[in-house]
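Notes for the structure review
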Amino acid sequence: MGDSGAVLDYGGRWLKAGWAFNFPTEEEPRKMTPNAVFVEQEGGGSELQRPVQRGKIASWEQFESLAYYALYDLMGLELGYEGNIMLSDAAHAADPSGQANGAASPMSDAAAGALTEEAAEALKELCARCAESESAYAAATGASGSPSATPAAPETFRLPDGQKFTVTTEGLSIGEALFRPGPLLGLVGPSPAEAACDSASSLDVVLRKVMMENMLLVGGGSVIPGVAARLVSEVRSMVSHSTNPNLIPTPEYMPSPAVPREAPWVGGAVVAKVAQIQNHFIFKADYDEAGPIAVHRRCS
């Protein structure tokens, strides 16, 4: 695509690749491939492994192999003529709305750790829900112990292969696991609301207020019904009354299919265009020669 930059966005299940040349367009990201590679095992055979675990690159060797496949085999780059490449960081999701300030709250697929990946994906897409609060979840699942609690009504869903299944609280449990990964999954770490507050805690009072009132919610889990309202509600309970936590609205120019699932890629495409104009890309030769300091030299 001439001088256009290639943009890669790695998630827990998919690697998305496209060009930052004619954005916005519903044609991008152009390519998607499962975020998995086959690794040869001693004694023969191969095993499917995922280089990205819980939003972080667990194996750079595997990830480089996957990125090579996406860039050269799928997108058609030629060795020696690659041009600029922008890699969006899933842990610090890019902002597609052009705002300079805001607390980013990526909703990962952490709940998948308690299920098979295929089952978790089907549940999340079809029946995942999020309760309004922890007490509402307890009441729906019968965990509150209150005789007046209203249990969740059973729902029947159909999988892509035609099979039907009925769930009651399973869908709510997936949504709840995003906000309480410790009690439900045994995972150590903050909830999205805690992470959003922690990311702004080191700022001065004025900027902290701006951040909390301009939050960005992206990632696969962000499409779960009720997640946005639950996040805002929990953040509101953690900040002062003078702060009104809110989410950044989707810009009108954004193609609707791209939000919020494609937001990290879209943000990468926007940043790639700006970085190219301002000549803020780092050449590999410069990095090989100077190391990380080359980034500061170019972007300071």
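Residues numbered from 1 in each chain as written. Predicted model: local features only at pLDDT ≥ 70, side-chain atom pairs only at ≥ 80, totals over all residues. Heavy atoms only, no water.

Considerations on the overall build of the protein
Along the backbone of the protein there are 11 helices and 12 strands. Once local pairs closer than 6 in sequence are excluded, the contacts in the protein between residues at least 24 apart make up 61%. For the protein, the exposed area adds up to about 16,600 Å²; of that, 53% sits on carbon and sulfur atoms. (Helix = DSSP H or I, 4+ residues; strand = E, 2+ residues; numbered from the N terminus. Contact = heavy atoms within 4.5 Å. Areas by Shrake-Rupley, 256 points an atom, 1.4 Å probe, with all protein chains shown as cover.)

Some thoughts on the environment of Gly226
Along the chain, Gly226 falls in the loop between β12 (216-218) and α8 (227-236). Distance from Gly226 to Gly175, taken between C-alpha atoms, is 8.3 Å for residues 51 residues apart in sequence.

A closer look at the pairing of strand β2 (residues 14-19)
If a strand is regular, its side chains alternate between the two faces of the sheet. Most of β2 sits out of view: five of its six residues are buried. Summarising the sheet, strand β1 (residues 6-10) and β2 pair through five bridges and their orientation is antiparallel. Bridged to Leu8 within β2 is Ala17. Hairpin connection, β1 to β2: the antiparallel pair is bridged by three residues. (Buried < 20%, exposed > 50% of the residue type's maximum accessible area, 1.4 Å probe, protein only. Pairing = 2+ DSSP bridges.)

Looking at the packing of helix α6 (residues 192-200) against helix α7 (residues 205-212)
Packed helix pairs are specified by the crossing angle of their axes together with the interaxial distance, meaning the distance between the axes. Here α6 crosses α7 at 150°, and the two axes come no closer than 9 Å. When the interaxial angle is binned, α6 and α7 end up roughly antiparallel. Of the two possible hands of crossing, α6 and α7 adopt the one that is right-handed. Contacts between α6 and α7 involve Ala196, Cys197 and Ala200 from the first element and Arg208, Met211 and Met212 from the second. (Axes fitted to C-alpha atoms, helices over the stretch in contact; angles between N-to-C directions. Parallel < 35°, antiparallel > 145°, perpendicular 65-115°, else oblique. Left-handed = near helix turned anticlockwise from the far one by under 90°.)

Focus on the confidence of the model for the protein
Within the protein, residue pLDDT values average 77, and 75% of them lie at 70 or more. When mean pLDDT is compared element by element in the protein, α8 scores highest at 93, while strand β9 (residues 104-106) scores lowest at 45. (pLDDT = per-residue confidence, 0-100.)

Some points on the sheet that holds β1
The mixed open sheet is built from four strands, whose spatial order is β3-β2-β1-β8. Strands with a single pairing partner mark the edges of an open sheet, and in this sheet they are β3 (31-34) and β8 (85-88). Each neighbouring strand pair of the sheet contributes to a mean axis angle of 20°, computed without reference to strand direction. Inspection of the sheet shows β1 paired to β8 by four bridges, in the parallel sense. Paired with Leu8 across the two strands is Leu87, which belongs to β8.

Quick look at the pattern of salt bridges
Inspection of the entire model under this criterion finds six salt bridges. Here Glu234 makes a salt bridge to Arg230, at a shortest N to O gap of 2.6 Å. One end of the pair is Glu234 and the other is Arg230, both in helix α8 and four residues apart, which spans about a single turn. On the accessibility criterion, Glu234 (17% relative accessible area) is buried. If you follow the salt bridges from partner to partner, you end up with Glu134, Glu176, Arg180, Arg230 and Glu234 in one network. (Salt bridge = Lys/Arg side-chain N within 4 Å of Asp/Glu carboxyl O.)

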